[in-house]
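What follows is the residue order along each chain.
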Amino acid sequence: MEKVKFQSEDGTSVEFYVEEQTSIGGISYLLVSDSMEDEAEAYILKDVSDAENQEACYEMVEDEEELKAVFKVFEQMMEDVDFEM
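Residues numbered from 1 in each chain as written. Predicted model: local features only at pLDDT ≥ 70, side-chain atom pairs only at ≥ 80, totals over all residues. Heavy atoms only, no water.

Enquirer: Report on the pattern of salt bridges, specifying residues and quantitative values.
Expert: Summed over all chains, the structure comprises two salt bridges. Linking Lys-3 and Glu-15 is a salt bridge whose minimum nitrogen-to-oxygen distance equals 3.0 Å. Of this pair, Lys-3 sits in strand β1 (residues 2-7) while Glu-15 sits in strand β2 (residues 13-24); the two residues are 12 residues apart in sequence, bridging distant segments of the chain. Exposure remark for Glu-15: the relative accessible area of 39% places this residue in the partly exposed category. Across the pair Glu-66 and Lys-46 runs a salt bridge, and its minimum N-O distance is 3.1 Å. Of this pair, Glu-66 sits in helix α1 (residues 64-77) while Lys-46 sits in strand β4 (residues 42-47), and the two are 20 residues apart along the sequence. (Salt bridge = Lys/Arg side-chain N within 4 Å of Asp/Glu carboxyl O. Helix = DSSP H or I, 4+ residues; strand = E, 2+ residues; numbered from the N terminus. Buried < 20%, exposed > 50% of the residue type's maximum accessible area, 1.4 Å probe, protein only.)

Structure below.
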């Protein structure tokens, strides 16, 4: 499992484990967790960078409808994982 480091707006860095990734409607999404343990917290991140930008810029998905839709896609992709929302 790949571990990536993200830099928050305040300059601090946070590390997450990338569980899965997908693209929906041309937008890239990552399902990340804060731990490799069974009871890890999971987050869905959305790539909000410009197409010509070399580095991706991810933000947490906060829109409830978008979150539910992307959550369902990841849930189907990872049938062997129990998700709680």
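Resuming the write-up.
Enquirer: How would you explain the packing of aromatic side chains if you had to name every residue and give the values?
Expert: Overall, the coordinates contain three aromatic pairs when judged by the stated rule. A ring pair is formed by Phe-6 and Tyr-58, whose centres lie 6.1 Å apart and whose planes are at 85°; its orientation type is edge-to-face. A residue pair is termed long-range when its members are at least 10 positions apart, and Phe-6 in strand β1 and Tyr-58 in strand β5 (residues 58-60) qualify at 52 residues. Joined through ring pairs, the aromatic side chains of Phe-6, Phe-16, Tyr-43 and Tyr-58 make up one cluster. (Phe/Tyr/Trp six-rings, centres within 6.5 Å; stacked < 30°, edge-to-face > 60°.)

Enquirer: Explain the pairing of strand β3 (residues 27-33) residue by residue, including any values.
Expert: By the criterion of burial, β3 is predominantly enclosed, with five of the seven residues buried. When β2 meets β3, the two strands line up antiparallel, connected through seven bridges. In the sheet register, Ile-24 faces β3, and the bridge partner there is Ile-27. With antiparallel pairing between neighbouring strands as the criterion, β2 and β3 make up a hairpin whose turn holds two residues, including Gly-25 at a positive phi of roughly 60°. One ladder, built from five bridges, connects β3 with β4; its direction is antiparallel. In the strand pairing of β4, Ser-33 is matched with Ala-42. (Pairing = 2+ DSSP bridges.)

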